[in-house]
Structures are given as structure tokens and as C-alpha cells.
Amino acid sequence: MSIEELKIEIAKKVFETDDENLLSELDMLLNCNEKVELDQLPKHVQEGIKRGLKKAEEGKLTPHDEVMKRYAKYL
């Protein structure tokens, strides 16, 4: 698939969806060069980031290789 064909396929999918969360996240991804403030992110993303930061501060981290082993069956 060429880059032009890929763009067309992605554009079709964007026009077909009404999923606000997906569109919001896609918008953020496309604007990733811009600095994003936490309060500009969707609420569910903010909450996930805050949970992750709290766990990191508490030292409750899982090594990457362990995560990969645990979720390999889904990949």
C-alpha cells in the first residue's frame, strides 16, 4: 500500500466514526509536536496518567520484560 492509499484509508475511517474519544486522541496524536497540558486531555487519559504517576512515586512499577511476558498472548 502506498502512502497515498494509506492516507485515503485512514481518512475514510475518520469520516465513518462518531467515537469522540478516538477522534480526540487522534487529534492529539496528530498535534503531538505541540506541548499539551494535562487539563487539555480527556478525563479518562488524565486519570490514567495520574494513577501511573502515583504508582511510580510509590515504587510500584513492573519491569518491561515482565509486562511483555504477561501480555504476549494478546499481541
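Our subject is the structure listed above.
This one's a predicted model, so the numbers in the text were calculated from it and none came from an experiment. (Residues numbered from 1 in each chain as written. Predicted model: local features only at pLDDT ≥ 70, side-chain atom pairs only at ≥ 80, totals over all residues. Heavy atoms only, no water.)

Within the element layout of this structure, Thr 17 appears in the loop between helix H1 (3–16) and helix H2 (20–30). When its relative accessible area of 19% is taken as the criterion, Thr 17 is described as buried. Beyond its immediate chain neighbours, meaning those up to four positions away, Thr 17 contacts Leu 22 and Leu 23. (Helix = DSSP H or I, 4+ residues; strand = E, 2+ residues; numbered from the N terminus. Buried < 20%, exposed > 50% of the residue type's maximum accessible area, 1.4 Å probe, protein only. Contact = heavy atoms within 4.5 Å.)

Moving on, we get to the environment of Leu 41. Along the polypeptide, Leu 41 turns up in the loop between H2 and helix H3 (43–57). Considered as a pair, Leu 41 and Ile 3 are 38 residues apart in the sequence and their alpha carbons are 29 Å apart.

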